[in-house]
Amino acid sequence: MTRGNQRERDRERAQARTGGSKGSKKEDGLTHEQRRERDAKALQEKAAKKAAQAGGDSGNNSNKK
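Description of the structure in this document. Predicted, not measured: the structure shown is a model, and the values here were computed from it. (Residues numbered from 1 in each chain as written. Predicted model: local features only at pLDDT ≥ 70, side-chain atom pairs only at ≥ 80, totals over all residues. Heavy atoms only, no water.)

### A closer look at the pattern of salt bridges
Stage number 1. The final tally for this structure, using the stated rule, is three salt bridges.
Stage number 2. Aspartate 10 is the partner of arginine 13 in a salt bridge, and the nearest nitrogen-oxygen pair spans 3.9 Å. Placement of the pair is arginine 13 and aspartate 10 together in helix H1 (residues 6–18), with a separation of three residues, close to one helical turn.
Stage number 3. A relative accessible area of 53% means that arginine 13 is categorised as exposed.
Stage number 4. A salt bridge links glutamate 33 to arginine 36; the nearest nitrogen and oxygen atoms lie 2.7 Å apart. Of this pair, glutamate 33 and arginine 36 are both found in helix H2 (residues 32–56), three residues apart, which corresponds to roughly one turn of the helix.
Stage number 5. The class of glutamate 33 is partly exposed, set by a relative accessible area of 38%.
Stage number 6. Assessed through its relative accessible area of 47%, arginine 36 is described here as partly exposed. (Salt bridge = Lys/Arg side-chain N within 4 Å of Asp/Glu carboxyl O. Helix = DSSP H or I, 4+ residues; strand = E, 2+ residues; numbered from the N terminus. Buried < 20%, exposed > 50% of the residue type's maximum accessible area, 1.4 Å probe, protein only.)

On their own, these measurements won't tell you what the molecule is for.
Following this line, the structure appears as structure tokens:
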């Protein structure tokens, strides 16, 4: 190979940039149940906000596709 150890050095640099952990799993210290409740609450708030916005925009965007 003509690349030598360039590939290995690049892997080391990339690992240093990402914090040294392999994969994209985020550790937030929550249990599965706590994470599920937090996400459900966030989705409910988002749906309520969207419903309120849709109720307020009743005639503004009737022909918008």
